[in-house]
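# Chains, contacts and geometry: an overview
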Amino acid sequence: MTTPTRSRGEASEGPRTPRVGIFGLLGSGNLGNDGSLAVVLSYLRERHPDAVVDFMCMGPETIAGRHHVPAIPLHWYYARPRPGGRVWTLVLKSLGKLVDLPRTFRWVRRHDVVIVPGMGVLEAELPLRPWGFPYMLFLLALAGRLFRTKVALVSVGANVMRSRMTRWLFGRAARLAHYRSFRDQRSREAVRAMGVRTDADPIYPDLVYAMPVPRGDPAVRPNRTVGVGVMAYRGGNEDRAMAEEIHESYVSTMGEFVGWLVDADRPVRLFTGDRADLVSAEEIAAHVLDRRPGADVGVVPLASLEDVLSGMASVRSVVATRYHNVLCALKVVKPTVSLGYARKNDVLMRDMGLGAYCQQLRALDLARLKEQFTEVEAREAQLRAVMVARNAEFAALLDEQFQSLSALLFPARHDAGPPVQILEA
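Cut-offs applied
Residues numbered from 1 in each chain as written. Predicted model: local features only at pLDDT ≥ 70, side-chain atom pairs only at ≥ 80, totals over all residues. Heavy atoms only, no water. Helix = DSSP H or I, 4+ residues; strand = E, 2+ residues; numbered from the N terminus. Rg over C-alpha atoms; globule rule 2.2 N^0.38 Å. Contact = heavy atoms within 4.5 Å. Areas by Shrake-Rupley, 256 points an atom, 1.4 Å probe, with all protein chains shown as cover. Lys, Arg positive; Asp, Glu negative; His and termini not counted. Charge placed at Lys NZ, Arg CZ, Asp CG, Glu CD. Patch = residues over 30% accessible without salt bridge, like charges linked within 9 Å, V, L, I, M, F, W, Y side chains within 5 Å. Salt bridge = Lys/Arg side-chain N within 4 Å of Asp/Glu carboxyl O. Pairing = 2+ DSSP bridges. Axes fitted to C-alpha atoms, helices over the stretch in contact; angles between N-to-C directions. Buried < 20%, exposed > 50% of the residue type's maximum accessible area, 1.4 Å probe, protein only. Core = buried A, V, L, I, M, F, W, Y, C linked by side-chain atoms within 4.5 Å.

### Topic: the overall build of the chain
Along the chain, the regular secondary structure elements total 13 helices and 12 strands. Expected size for 425 residues packed as a compact globule is a radius of gyration near 22 Å; at 22 Å, the chain falls within 12% of this value. Expressed along its principal axes, the backbone C-alpha trace of the chain runs to roughly 70 × 55 × 40 Å. Long-range contacts, defined here as pairs at least 24 residues apart, represent 73% of the contacts in the chain between residues at least 6 apart. If you sum the accessible surface of the chain, you get close to 18,500 Å²; carbon and sulfur atoms cover 54% of it. Averaged over its 55 positive side-chain charges, the chain has a centre that lies 7 Å from the centre of its 45 negative ones.

### Some remarks on a nonpolar patch on the surface
A contiguous nonpolar surface patch, about 310 Å² in accessible area, is contributed by W131, M165 and W168. Summarising the element assignment, M165 is placed in helix α5 (residues 164–176).

### Some remarks on the sheet that holds strand β7 (residues 226–229)
Within a sheet, each strand pairs with its neighbour through backbone hydrogen bonds, oriented either parallel or antiparallel. Read from one edge of the open sheet, 6 strands run β9-β8-β7-β10-β11-β12, paired in parallel fashion. Strand pairing shows two members of the sheet lacking a second neighbour, β9 (297–299) and β12 (358–360), which therefore form its edges. Direction aside, the axes of adjacent strands within the sheet are offset by 15° on average. One ladder, built from 3 bridges, connects strand β10 (residues 317–320) with strand β11 (residues 336–340); its direction is parallel. Bridge pairing in β11 places V319 opposite V337. Helix α12 (residues 366–378) rests against β7, β10, β11 and β12 of the sheet, and its axis sits at about 150° to β11.

### Here we look at the pattern of salt bridges
What the rule picks out here adds up to 22 salt bridges. As a salt-bridge pair, D201 and R180 come within 2.7 Å of each other at their nearest N and O atoms. Separated by 21 residues along the polypeptide, D201 in the loop between α6 (185–193) and β7 and R180 in strand β6 (residues 179–182) bring together distant segments of the chain. The pair formed by D201 and R180 is uniform in burial state, with each residue classed as buried. Note that E380 is salt-bridged to R316, the shortest N-O span being 3.2 Å.

### Section: the nonpolar core
Judged by nonpolar contacts, the single largest core of 126 residues is most densely connected at F23, F55, L122, L137, V228 and L270. With 9 residues, the top contributor of residues to this core is helix α4 (residues 133–147). Apart from residues no more than four positions distant in its own chain, L137 is found in contact with F23, V116, V121, L122, L153, F170 and A173.

### Examining unusual backbone geometry
Non-glycine residue R148 carries a positive phi angle of around 60°. Looking at the element boundaries, R148 is found in the loop between α4 and β5 (150–156). By relative accessible area, R148 is classed as exposed at 75%. Positioned with a positive phi, S155 is a non-glycine residue whose angle comes to about 50°. By the element assignment, S155 lies in strand β5.

### Let's talk about the sheet that holds strand β4 (residues 113–117)
Strand order in the open sheet formed by 6 strands is β3-β2-β1-β4-β5-β6, and the pairing between neighbours is parallel. The open sheet has two edge strands with one neighbour each: β3 (71–73) and β6. Neighbour to neighbour, the strand axes of the sheet diverge by 20° on average, direction disregarded.

Rendered as structure tokens:
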């Protein structure tokens, strides 16, 4: 995998070096999204090592620094200095939507393939404006169709949404894509409800199931420590007026649960899944420590999904909210309770044989949570066997998908022999 050295269409000996763009909400602090990206980069590095890769993403500086490849901002507006006053902000945002059209088209045109690596890119479970990411995804897919660039939505998540404009933009983007696969049946049905024919679209597991499993930290007591994954939960689009009230209730309930664990002599480690979650984790820890000074409660410093996997490998059991926190717990085979903000967590848990250990945050029942936690730990041996088997199955399915992607997206290079050596200028 190399950085760009030539323009699209320039001749080279043997099969032409493929130019691959990667697009999405990457580098912005969401560890699950960046974990999905790591899997796709590993695939390209191992199977298409001469591919020329660059990014269009939310955090271009972070991505460029981490992966040493070129990256440009997803939105023109967010790369500009912030103006003073609402009027200028509105003017620049509106101008940005116009500027984003030609700049996205130019970027897409330079590539043979653009990959959207997993993530819930067709979801609107959390607050989302249609003229933000939905608009950009539509422009990407439209440009791909116009310039014959293969746009691939790989193991993506989707949900049925209320906003007509968001639904229209996502539906058109999915329809225009060259390749679609979904991480569960629920996601495929949601896109079908947007008016897209999905009968031939495959279902493959979330990309994070292809990540390697780390060893746990021997310094942590795995027989007693509980991992609790938290988030900056403030409801969805329809809850904006009550966002702070919802957040306070979530922090209070989670604080009470962590306090119950501490009273049972259980060390607790708080995990996050996004940069925005850190404040909530600190608030929950403070809630407990204010009432129980000296309690064994700590916030785990996390910089990547690999850190989440390593941390969760070192605890005995997990209670988590974010989708990829739950997935990481299942991947390292831990008894897990899901407290989801969306039904996608329930699907994930059911696939692993833990469907009975889910709740929705909108109706979180603390007494029931304590019962679920006690029961899931009591059934640890039985549940572990199911998780081990399903993890192996999911890894094999993702390997199958990567083979299919190579044949579909890089047909001239599939089984073409040794990679072409590209010398940097």
